[in-house]
Amino acid sequence: MSQMPPPPPPPPLGWRLLGFSLLLGSFCFTLESAALGDSATDALNVLLIIVDDLRPSLGCYGDKLVRSPNIDQLASHSILFQNAFAQQAVCAPSRVSFLTGRRPDTTRLYDFNSYWRVHSGNFSTIPQYFKENGYVTMSVGKVFHPGISSNHSDDSPYSWSFPPYHPSSEKYENTKTCRGQDGKLHANLLCPVDVADVPEGTLPDKQSTEEAIRLLEKMKTSASPFFLAVGYHKPHIPFRYPKEFQKLYPLENITLAPDPQVPDGLPPVAYNPWMDIREREDVQALNISVPYGPIPVDFQRKIRQSYFASVSYLDTEVGHLLSALDDLHLANNTIIAFTSDHGWALGEHGEWAKYSNFDVTTRVPLMFYVPGKTAPLPGAGEKLFPYQDPFNPTSELMDSGRHDTDLVELVSLFPTLAGLSGLQVPPRCPIPSFHVELCREGQSLQKYLQLHDFEEESHFLGNPRELIAYSQYPRPADSPQWNSDKPSLKDIKIMGYSIRTIDYRYTVWVGFNPDEFLANFSDIHAGELYFVDSDPLQDHNVYNDSQHGGFPHSLKP
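The notes below deal with the structure included here. The structure displayed is predicted, hence computed values, not measured ones.

Here the focus is the overall build of the chain. Check the secondary structure of the chain and you find 12 helices and 16 strands. When burial is assessed residue by residue, the chain has 63% of its 557 residues classed as buried. A separation threshold of at least 6 residues defines the contact pool for the chain, and within that pool the share at least 24 residues apart is 75%.

Shown next as structure tokens:
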């Protein structure tokens, strides 16, 4: 392994304190897997597709407006998790969390400004583990978040066999490439473009698809199995996409969020003021009040239209990638995992970004295709993933595939991909685990694929109410301010720890010491409690109706 400085003495984890009597033993889960799959000569390849800011607004998740036929087709051959949750709804902390298999309180990354190997511990990553087990590992596009959080190298050379690929057109994403009604170029939020007119005549996700296909062609004849991670930019803002996709979503068909108002019972600390949206030229021109807005109704529809158009554009890129996998006869020996780093609010609770603990920002799409397990192996001349044109109104409706409604977490991605590939599943992390290079804090999801060589443990075959998804989000102050969305570590004064069960979402906002990475659960600033059945959109906070400052006894297991 690398020569890294020893980690600092570990403080108690905030999550160890959160439970009071809240299922504390369930936090790390007890699902162990020592299952080994096929021999190395029969090793399955892995294609990991990571999307940026994609909430489950997809046909396969029941959205009747969004056209996503290629992702829906993947879902029809996969197991799809209806209730998968990210551990922090912002890019760098979420990606470092699921790529290391550790929670933000272990990676100690809550912002964008540190590299976990130096700042916290020399933790192994998913691609590093595959690389050390004989795989050729490759990165295309936005996999790790670029910058300090991945050591300005996408964690090379630890994680990748070759230098990661980034599209050359990435550098234009936030520049003035959006033609406004005045005929001039602007740095807008809403940015449908004529691809031929933009710099280099292409877009980042198009370039990423082309590079990923080139690598697949190269690996087709390789004697070594491959692990290819492809990170797509859209639907991350700005909504810069080929303008023809706007035609799929006429404005008259676009509805508003069902709950566009800031809830009366929402603690101010829970709200994010979507400052990065406000910085765009077209939003600035609206002169929207800070911090609560609201955005004018007609512009709300335009935002939602462009988000959905960006999703359909993304879907075509995924379709071209999967079709190439089929054409290269790799679909019968390649595991495909598809997910997003977190969700995105489109007006729910009066919010227009991520940066919160609500379901709309923490819930993500998650699906796994495993050849011969989730779908039969394709026969001679058969294609599992023929390209689907979203503009074709007669495109074939997809079967829903296998869905599971249990609560799962992105931190489970590491052990699940390892186990599905026939590698030894890393052991569960001790507490604390700063000194342990290889371990995982999430449970493997192999049991959901009913693998014949997997020893199921009765603990996870029982009551679904025992399952919990954990998320958290930092704040610099009790009320929304300019840096509430993305506070730097030194400015974090409050941490919102959130528990999602099948019945409720419970969040407690407590004092946090950024120097010691320590939460103070005796210093409660605010709380939230929402019941899923009666309040699925999480608009009615009943925390103050429960026992003051504590967890209601009626909800204890």
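With that settled, consider the pattern of salt bridges. Under the criterion given, the structure shown has 17 salt bridges. Linking K234 and E173 is a salt bridge whose minimum nitrogen-to-oxygen distance equals 2.7 Å. One end of the pair, K234, is in the loop between β7 (226–232) and β8 (239–242); the other, E173, is in the loop between β3 (136–141) and β4 (178–179), and 61 residues separate them in sequence. The class of K234 is buried, set by a relative accessible area of 2%.

This brings us to helix α7 (residues 204–219). An ideal rise of 1.5 Å per residue puts 22 Å on 16 residues; α7 measures up with 22 Å between its terminal C-alpha atoms. Taken together, the buried positions of α7 are occupied by P204, D205, Q207, S208, T209, E211, A212, I213, L215, L216 and M219. In this fold, the buried residues of α7 make contact with β3, β7, β8 and α10 (297–327).

What follows deals with the state of the cysteines. Following the criterion strictly, the structure yields two disulfides and no others. Here C178 pairs with C191 through a disulfide, and the sulfurs are 2.1 Å apart. Classification of the bridge connecting C178 and C191 rests on its S-S torsion, roughly -100°, and on that basis the disulfide is left-handed. With C178 in strand β4 and C191 in strand β6 (residues 190–193), this residue pair connects regions lying 13 residues apart in the sequence. Note on accessibility: C178 and C191 belong to one class, buried. Across the disulfide, C429 is cross-linked to C439 (sulfur-sulfur distance 2.0 Å). Here the disulfide of C429 and C439 is right-handed, its torsion about the S-S bond being about 95°. Within this pair, whereas C429 is found in the loop between α12 (413–420) and β13 (469–475), its partner C439 is found in the loop between α12 and β13, the two being separated by 10 residues in sequence.

With that settled, consider unusual backbone geometry. The residue after K234, namely P235, is reached through a cis peptide bond having omega 15°. Inspection of the secondary structure puts P235 in the loop between β7 and β8. A positive phi angle, near 70°, is found at E200, a position not held by glycine. In this structure, E200 sits in the loop between β6 and α7. Overall, the relative accessible area of 42% leaves E200 in the partly exposed class. Non-glycine residue W274 carries a positive phi angle of around 45°. Inspection of the secondary structure puts W274 in the loop between β8 and α8 (275–278).

Within the open sheet, the four strands sit side by side as β13-β14-β15-β16. Their pairing is antiparallel. The open sheet terminates on both sides in strands that have one partner only, identified here as β13 and β16 (518–531). Sheet twist, expressed as the mean angle between neighbouring strand axes with direction ignored, is 20°.

Bringing the layout of surface pockets into the picture now. The gaps of empty space that remain are located by a probe, the size of a water molecule, rolled over the atoms. For the largest pocket, the calculated volume is near 680 Å³. Along its surface, the largest pocket is lined by 24 residues, and R55, E348, V360, R363 and L537 are the ones closest to its centre. Of all the elements in the fold, those that place two or more residues in the lining of the largest pocket are α10 and α11 (359–362). The class makeup of the residues in the lining of the largest pocket is 10 nonpolar, six polar and eight charged.

Each value, and the rule that gives it
Residues numbered from 1 in each chain as written. Predicted model: local features only at pLDDT ≥ 70, side-chain atom pairs only at ≥ 80, totals over all residues. Heavy atoms only, no water. Helix = DSSP H or I, 4+ residues; strand = E, 2+ residues; numbered from the N terminus. Buried < 20%, exposed > 50% of the residue type's maximum accessible area, 1.4 Å probe, protein only. Contact = heavy atoms within 4.5 Å. Salt bridge = Lys/Arg side-chain N within 4 Å of Asp/Glu carboxyl O. Expected span 1.5 Å × (residues − 1). Disulfide = S-S within 2.5 Å. Pairing = 2+ DSSP bridges. Axes fitted to C-alpha atoms, helices over the stretch in contact; angles between N-to-C directions. 1 Å grid on protein atoms, 1.4 Å probe; cavity = no way out; pocket = protein on both sides within 12 Å on 5 of 7 lines; lining within 4 Å. Points joined across faces, edges and corners; volume = space filled by probe spheres on them. Nonpolar A, V, L, I, M, F, W, Y, C, P; charged D, E, K, R; others polar.

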